[in-house]
Amino acid sequence: MLTILFDGIAYGMVLFMLACGLSVTLGLMNLVNLAHGAFAMAGGYCAVVLVNRLGVPFLAALPLAFLASALIGLAFERTLYRHVHRKSHLDQVLFTIGLVFMAVVAVDYVAGSSQVFVQLPDYLQGRFTLLGVGIGRYRLLIIVLCGVIAVALQLVLMRSRFGSRLRAAVDDARVAQGLGINVGGLFAATFAVGSGLAGLGGALGAEILGLDPSFPLKYMVYFLVVVTVGGTSSITGPFLASLILGISDVAGKYYLPDLGAFVIYTIMIAVLIWRPQGLFARAAAR
Amino acid sequence: MAELLAVDELRAGYGKAVVLSGVSLSLAPGEALAVLGRNGMGKTTLINAIVGVTQRFGGRIRLDGRDITALRPDQRARAGIGWVPQERNIFRSLTVEENLTAVARDGPWSLAKIYDLFPRLAERRQNFGGQLSGGEQQMLAVGRGLIVNPRVLLLDEPLEGLAPIVVDELMRALRRVIRDEGMAAILVEQNARKVLSVTDRALILERGSVVHAGDSAALRANREVLEAHVSVAQARPERARQPAVSN
Ligand SMILES: Nc1ncnc2c1ncn2[C@@H]1O[C@H](COP(=O)(O)OP(=O)(O)OP(=O)(O)O)[C@@H](O)[C@H]1O
Ligand SMILES: [Mg+2]
């Protein structure tokens, strides 16, 4: 029981890493980026190549996966995404879903369609028992690492000048820009960090979620659930939504295996009927 | 006198609609200009076109001799355009202090000086933008425009919809900024009586064109022109606007 909770939290933490960038870019630029999962996949495959082929230590591969996805994200933002900022949501959906299919096919061509794993070092394998709870070493690492990053993100957003400029731009991009905030540059930086975090999530989550070329499609639903339920106005909303999603998905698959993924859809529908603005949306924003 | 801001035959509007059909004006350092005109005559469009957030169809804008026509709004702000938008547009998820520090730039207008100008803001520094009264929001909007440390401050109907006692308080602050500190400013108003005593020159807009330009003092005495183009009545209908206090 507590072990399931523990695994669910680890799972939710990975989902948060994967989805938090999406919620910020959606909130900041009203940009629907369905290809967000492709940046996560890039980070995952980057870690696979670094660790399995080049023998880079696992813990060193994580920041490299972040960096790789952030750079790819930045390149795409500056060359492609900037042209769809002011387009309709339908255009954005069509454009980014196109990117997803291209990414799926490209990775399939280069790396093959079978599932890949990152070789974990010995010290991260296995479980130990603490107070009767089975604790996987790797999942513990995920929880600690993602927890630290989530706190750091929250501090940057709420305490730093960068964070206040970002929130100002989310509140009112036109006026923020008229008062000297370079909203385009801010967005590119945020997009890069969000893609980087997705890449980190892809690298960390390969073990738990499985990694193959269809990754961006398979987990698109999860990202969208996190964003709809958590809202786009804070870090805490998506964070709690990810935890709820992770725990209920793990518990659902354990206790009600026949229902499969329907557990999370049922919960999402219930939440959205109860709070159509999302669980943690600011009351009457705008 | 040297020119600080020069707007030359500016044509601007929204989408395909042209609202301003060739407006020119100039401002010297330390000078204040009133822009008057009734509802919907293009005052806000003029301000927003100088800020750079409308569609431009023609004309040029120079600041300190530098052509800023091609610059983005944020680059214009850094070049020295300060903006107090008509709807105030306080950042709601930022505190009062963050509203100021987020856009602050080095210069004489520091956080301490803004708080000295508006002591009410200092008391409310930890409150969020959405928790302020209308008057406090306006003070914050003015402070936020000042702390960018602009060469010229553009104020779009800063007295609109405020209680008389708050209007007096704001006018005192604006007089201090413009007259004592010598900040060059463009002050948009519908009600001429309120602002003509603070400004040096005045300009009247009608349907996107300048129909009168001249000395503030002379215009104040010229009932004929005022009655033809500007509302001089004390009371005017309150227009719908976003509620000052929410949540
Ligand atoms: N966002 C917009 N899109 C299209 N037309 C607009 C927009 N904003 C204003 N207009 C039109 O432009 C014209 C000038 O409007 P503007 O807001 O500049 O007037 P104003 O003089 O500031 O009026 P007020 O005293 O009511 O603030 C009006 O006819 C208005 O309908
Ligand atoms: Mg106006």
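Residues numbered from 1 in each chain as written. Chains lettered and ligands numbered in written order. Predicted model: local features only at pLDDT ≥ 70, side-chain atom pairs only at ≥ 80, totals over all residues. Heavy atoms only, no water.

1. Here we look at the overall build of chain A
Moving on, step 1. Along chain A, the regular secondary structure elements total twelve helices and two strands.
Moving on, step 2. Going from the N terminus to the C terminus, chain A shows its helices and strands as α-α-α-α-β-β-α-α-α-α-α-α-α-α.
Moving on, step 3. Expected size for 286 residues packed as a compact globule is a radius of gyration near 19 Å; at 19 Å, chain A falls within 12% of this value.
Moving on, step 4. The principal-axis extent of the C-alpha atoms belonging to chain A is close to 55 × 45 × 35 Å.
Moving on, step 5. Going through the 286 residues of chain A one by one, you find that 52% of them count as buried.
Moving on, step 6. Excluding contacts between residues fewer than 6 apart, the proportion of contacts in chain A whose partners are at least 24 apart in sequence is 76%.
Moving on, step 7. Taken as a whole, chain A presents about 12800 Å² of accessible surface, with 70% of it coming from carbon and sulfur. (Helix = DSSP H or I, 4+ residues; strand = E, 2+ residues; numbered from the N terminus. Rg over C-alpha atoms; globule rule 2.2 N^0.38 Å. Buried < 20%, exposed > 50% of the residue type's maximum accessible area, 1.4 Å probe, protein only. Contact = heavy atoms within 4.5 Å. Areas by Shrake-Rupley, 256 points an atom, 1.4 Å probe, with all protein chains shown as cover.)

2. Some points on the packing of helix α2 (residues 36-53) of chain A against helix α4 (residues 89-111) of chain A
Residue and element names in this part refer to chain A.
Moving on, step 1. Orientation of α2 relative to α4, taken along the N-to-C sense of each, is 15 degrees, at an axis distance of 11 Å. Classed by the angle they form, the pair α2 and α4 counts as roughly parallel. Taken as a pair, α2 and α4 cross one another with a handedness that is left-handed. Residue-level inspection shows A38, M41 and Y45 of α2 in contact with α4, the latter providing A103, V104, V107 and A111.
Moving on, step 2. Partitioned by chemical class, the residues of the contact of α2 with α4 number seven nonpolar, no polar and no charged. (Axes fitted to C-alpha atoms, helices over the stretch in contact; angles between N-to-C directions. Parallel < 35°, antiparallel > 145°, perpendicular 65-115°, else oblique. Left-handed = near helix turned anticlockwise from the far one by under 90°. Nonpolar A, V, L, I, M, F, W, Y, C, P; charged D, E, K, R; others polar.)

3. Here we look at the side chain of Q138 of chain B
Moving on, step 1. Here Q138 of chain B lies in helix α6 (residues 134-147).
Moving on, step 2. Apart from residues lying up to four places away in sequence, Q138 of chain B is in contact with V84, R88, E157, P158, L162 and L170 of chain B.

4. Considerations on the coordination of the magnesium ion (ligand 2)
All names here are of chain B.
Moving on, step 1. On the protein side, the magnesium ion (ligand 2) has T44 (OG1) and Q86 (OE1) as donor atoms, found 1.8 to 2.1 Å from it. With T44 in helix α1 (residues 43-51) and Q86 in the loop between β6 (81-84) and α3 (96-101), this pair connects stretches of sequence that are 42 residues apart.
Moving on, step 2. Note on Q86: relative accessible area 13%, which makes it buried. (Donors = N, O, S within 2.8 Å, 3.2 Å for Na, K, Ca; no water.)

5. Points about the sheet that holds strand β2 (residues 17-27) of chain B
All names here are of chain B.
Moving on, step 1. Strand order in the open sheet made by the four strands is β2-β1-β4-β5, with antiparallel pairing throughout. Since the sheet does not close on itself, it has two edges, and those belong to β2 and β5 (66-67), each with one partner.
Moving on, step 2. In this structure, strand β1 (residues 5-14) lies alongside strand β4 (residues 55-63), joined through seven bridges in antiparallel fashion. Counted as the bridge partner of L5 is L63 from β4.
Moving on, step 3. Along the sheet, α1 makes contact with β1, β2 and β4, crossing β1 at roughly 110 degrees. (Pairing = 2+ DSSP bridges.)

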